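Secondary and tertiary structure notes
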Amino acid sequence: MSSLYSRDFIVTLIIVLIPLCLALNADSYGQRIMTLSGIYAIAAMGYHLIFGRLGALSLAQGCFFGLGAYSAGLIGVHFELSFLTCLLFAVIFTALVALIIALPVLRLESHYFALATLGIAQVALLIAINWTEVTGGANGTYGIPQLDLFGMELSSSNHVLIFVWIILVIIVSLTFWIMRAPFNYQVTLLKDTPEVAASSGIDIGRWRLTFFIMSAIFGATAGALQAYTIGVVSPATLEFQVMVSILAMTVIGGKNHPAGAVIGAILLTHLPEWFRFLETHYLIAYGVALLCTIIITPSGIFGLFEKAKLSDNPDPSVNYFGVKSRQTLRTWREKGWIIGPDPRGWFQWYYRYYMGRRLADIDRKQIKRWSAFSRHAGQIRANCEPG
C-alpha cells in the first residue's frame with residue numbers, strides 16, 4: 001500500500017473511532033442512534049464502491065439491505081441459529097441474487113441501469129408484501145433473537161454498539177484492501193475514461209461485477225445487523241426511502257472517499273434527532289439542511305478536507321485542478337519526475353489527478369509506469385486518427 005493510501009486509511013480509521021469513543025459515554029438512546037449510524041455506514045460503504053468508485057447509479061442497494069435483513073431474520077426465527085451463521089447465510093444468499101441480477105443488468109449504462117435496478121428493488125418489495133406465508137406480509141416478522149457472539153448474548157446497548165462498529169472497521173479495511181495499488185489506478189481510469197480502459201486491456205465487466213457483488217455483500221451485512229438490532233423485519237426495509245437515505249449519505253458525506261460514507265451516515269441519522277424540537281416541521285428543516293449541504297459542498301463534506309489538502313501545494317504554478325503551464329511539466333521532466341510526452345487528449349485526467357498532490361505522496365514507479373502507458377496509448381491513438 002502506497003504512503004498516500006496508508007495515510008488515507010489512518011485518517012478514515014480516526015474518523016470511525018472518534019464517534020465511537022464519544023458514543024461510549026452517551027446514554028442508551030444515544031448509543032442506539034450511533035449503532036444505527038454504524039449500520040447505515042456499512043451500507044453506504046458498499047454503495048461507495050459501485051457509485052463513488054465506478055460512477056454507476058445503482059438503485060438496488062436498498063434492495064440488498066432488505067434482502068439481508070429478511071434472510072438473516074427469517075433464518076434466526078425459524079431455525080434459531082447463531083447470528084454469525086445467519087449473517088453468513090444472508091451474505092451468500094444476497095450475493096447469489098446480485099450475481100443473477102448482474103448478468104443482464106450490468107450490460108446497461110447510465111439511466112437504463114438505474115431504472116433496471118430500481119425495478120428489481122420494487123419487485124423484491126412486492127414479494128415481501130404478498131408472500132405472507134414466508135415473510136409475514138405487510139406486518140413483517142417479529143421475534144428475531146438478540147445479537148449473540150459465540151453463544152454470548154449482546155444484551156446491553158454498549159456491547160451492540162461496539163460490535164457493530166467493529167464490523168464497520170473490518171468493512172473499511174476491506175474497502176481499502178480492494179482499492180489498493182495498482183487496482184485503484186485501473187478503477188479511476190475505468191470511471192473517468194471507460195473507452196481508454198477498454199482499449200488498454202482492463203476488463204470492465206469484471207470490475208463492474210466485482211463491485212456490484214461487493215456492494216450487495218456490504219448491504220446484506222448492514223441489513224442483517226439492522227434486523228437483529230431492532231428485533232423485527234418488515235417491508236419498510238425494502239422501500240425506496242432506504243435507498244434514498246443511503247444515496248444521500250454517500251453523496252453528502254463524499255462519494256469519492258470511504259470516510260464520506262461514515263460522515264454522511266452519522267450526519268443523516270442524527271439530523272432528525274437534532275430537529276425534533278421543531279415537532280411537525282422538523283422534516284422541512286431536515287430537507288433544507290440537506291439541500292444547503294449539497295449546494296455548499298458539491299463534492300461532499302469530506303471533499304472540503306481533500307480540497308484544502310490539495311490546495312496546500314508548495315508549487316504556486318499548480319492549483320487544485322491540475323497544472324497551469326507546460327513550463328512546469330517541462331521542468332519536472334528535466335528533473336526526472338515525469339517520463340514521456342506532454343499530456344494530450346484522453347490522458348489529461350492523469351496529470352489533473354496526480355499533479356495537484358504533493359510529489360512526496362506519489363510513488364515514482366507508478367508515475368513512470370503510467371507515463372509509459374500514456375506514451376504508448378498516445379501512439380495508438382495517433383495511428384488511428386484519419387489522415
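Because the structure is a prediction, the values reported are computed rather than measured.

What follows is about the overall build of the protein. Helix and strand counts for the protein stand at 17 helices and six strands. Each of the 387 residues in the protein was classed as buried or not, and the buried ones make up 50%. The contacts of the protein with a sequence gap of at least 6 include a subset with a gap of at least 24, amounting to 75%. As presented, the protein carries roughly 18,700 Å² of accessible surface, and 65% of it is formed by carbon and sulfur atoms.

Residues Leu88, Ile92, Leu96, Leu99 and Leu103 make up a contiguous nonpolar surface patch of about 470 Å² in total accessible area. For leucine 88, the location among the structural elements is in helix α4 (residues 83-105). Using a relative accessible area of 52% as the deciding quantity, one classes leucine 88 as exposed.

This part takes up the nonpolar core. Counting 99 residues, the largest nonpolar core has Trp165, Phe211, Phe212 and Leu225 as its most contacted members. With twelve residues, the single largest contributor to this core is helix α2 (residues 28-53). If sequence neighbours within four positions are ignored, phenylalanine 212 has contacts with Ile50, Ser58, Phe64, Ala98, Ile101, Ala102, Leu106 and Phe113.

On to the pattern of salt bridges. Applying the stated criterion across every chain yields a total of two salt bridges. Measuring nitrogen to oxygen at the nearest pair gives 4.0 Å for the salt bridge that ties arginine 208 to glutamate 109. Here arginine 208 is found in helix α10 (residues 204-230), whereas its partner glutamate 109 is found in the loop between α4 and α5 (110-130), with 99 residues between them in sequence. The shortest N-O distance in the salt bridge between arginine 276 and glutamate 273 comes to 3.7 Å. A residue is classified by how much of its surface remains accessible, and arginine 276, at 43% relative accessible area, is partly exposed.

Before going further, it helps to spend a moment on the packing of aromatic side chains. This model, assessed by the stated rule, comprises nine aromatic pairs. With 5.3 Å between their ring centres and 20 degrees between their planes, tyrosine 47 and phenylalanine 51 make a pair best called stacked. Here the residue tyrosine 47 and the residue phenylalanine 51 both occupy positions in helix α2, the gap between them amounting to four residues, near one helical turn. This pair shows no difference in class: tyrosine 47 is buried, exactly as phenylalanine 51 is. Stacked on the ring of phenylalanine 51, the Lys or Arg lysine 255 has its end atom at 5.7 Å from the ring centre.

With that out of the way, let us pick up the side chain of threonine 269. With respect to the secondary-structure elements, threonine 269 resides in helix α12 (residues 258-274). Here the side chain of threonine 269 touches isoleucine 266 through a polar contact of 3.2 Å, landing on its backbone oxygen. Side-chain polar atoms of threonine 269 contact the side chain of histidine 270, separated by 3.5 Å. With near-sequence residues (within four places) excluded, threonine 269 lies in contact with Ile33, Leu36, Ser37, Tyr40 and Met249.

The terminal C-alpha atoms of α4 lie 32 Å apart, and with 23 residues this matches the ideal 33 Å at 1.5 Å per residue to within 8%. Residues of α4 that are buried include every one of Phe83, Cys86, Leu87, Ala90, Val91, Thr94, Ala95, Ala98, Ile101, Ala102 and Val105, and no others. Buried residues in α4 make contact with α3 (61-79), α5, β2 (148-149), α7 (157-178) and α10.

Next up on the list: the side chain of threonine 175. Along the chain, the position of threonine 175 falls in helix α7. Look at threonine 175 and you get buried, because its relative accessible area is 1%. Among the polar contacts listed, one links the side chain of threonine 175 to the backbone oxygen of isoleucine 171, at a separation of 2.8 Å.

We now examine the packing of α3 against α4. Here α3 crosses α4 at 140 degrees, and the two axes come no closer than 8 Å. The orientation of α3 relative to α4 falls into the category oblique. Here α3 runs over α4; the crossing is right-handed. For the pair formed by α3 and α4, the contact residues are Phe64, Leu67, Gly68, Ser71, Ala72, Ile75 and Gly76 on the first element and Cys86, Phe89, Ala90, Phe93, Thr94, Val97, Ala98 and Ile101 on the second. For the contact of α3 with α4, the residue count by class is eleven nonpolar, four polar and no charged.

Before going further, it helps to examine α5. Between the first and last C-alpha of α5 there are 31 Å, a value that for 21 residues agrees with the 30 Å anticipated at 1.5 Å per step. For α5, the set of buried residues is Phe113, Ala114, Thr117, Ala121, Ala124, Leu125 and Ala128. Projected onto a plane normal to the axis of α5, the buried residues spread over an arc of 115 degrees and lie on a single side. Summarising the geometry of α5, the exposed residues directed more than 90 degrees from the buried face are Tyr112, Leu115, Leu126 and Asn130. Packing partners of the buried residues in α5 comprise α3, α4, α6 (132-135) and α10.

With that settled, consider the confidence of the model for the protein. Within the protein, residue pLDDT values average 80, and 77% of them lie at 70 or more. Here residues 313-329 is a poorly scored stretch, pLDDT under 50, and it has 31 contacts once near neighbours within four places are set aside; other chains count. Between residues 336-365, whose pLDDT stays under 50, and residues either more than four places distant or in other chains, the model counts 70 contacts.

This part is about unusual backbone geometry. Non-glycine residue serine 110 carries a positive phi angle of around 55 degrees. Residue classification places serine 110 among the exposed positions, given a relative accessible area of 52%. Within the chain, phenylalanine 150 stands out as a residue other than glycine whose phi angle is a positive 55 degrees.

Cut-offs applied
Residues numbered from 1 in each chain as written. Predicted model: local features only at pLDDT ≥ 70, side-chain atom pairs only at ≥ 80, totals over all residues. Heavy atoms only, no water. Helix = DSSP H or I, 4+ residues; strand = E, 2+ residues; numbered from the N terminus. Buried < 20%, exposed > 50% of the residue type's maximum accessible area, 1.4 Å probe, protein only. Contact = heavy atoms within 4.5 Å. Areas by Shrake-Rupley, 256 points an atom, 1.4 Å probe, with all protein chains shown as cover. Patch = residues over 30% accessible without salt bridge, like charges linked within 9 Å, V, L, I, M, F, W, Y side chains within 5 Å. Salt bridge = Lys/Arg side-chain N within 4 Å of Asp/Glu carboxyl O. Core = buried A, V, L, I, M, F, W, Y, C linked by side-chain atoms within 4.5 Å. Phe/Tyr/Trp six-rings, centres within 6.5 Å; stacked < 30°, edge-to-face > 60°. Lys NZ or Arg CZ within 6 Å of the ring centre and 35° of its normal. Polar contact = N/O pair within 3.5 Å; in protein donor to acceptor, adjacent residues only side chain to side chain. Expected span 1.5 Å × (residues − 1). Axes fitted to C-alpha atoms, helices over the stretch in contact; angles between N-to-C directions. Parallel < 35°, antiparallel > 145°, perpendicular 65-115°, else oblique. Left-handed = near helix turned anticlockwise from the far one by under 90°. Nonpolar A, V, L, I, M, F, W, Y, C, P; charged D, E, K, R; others polar. Arc of directions from axis to C-beta. pLDDT = per-residue confidence, 0-100.

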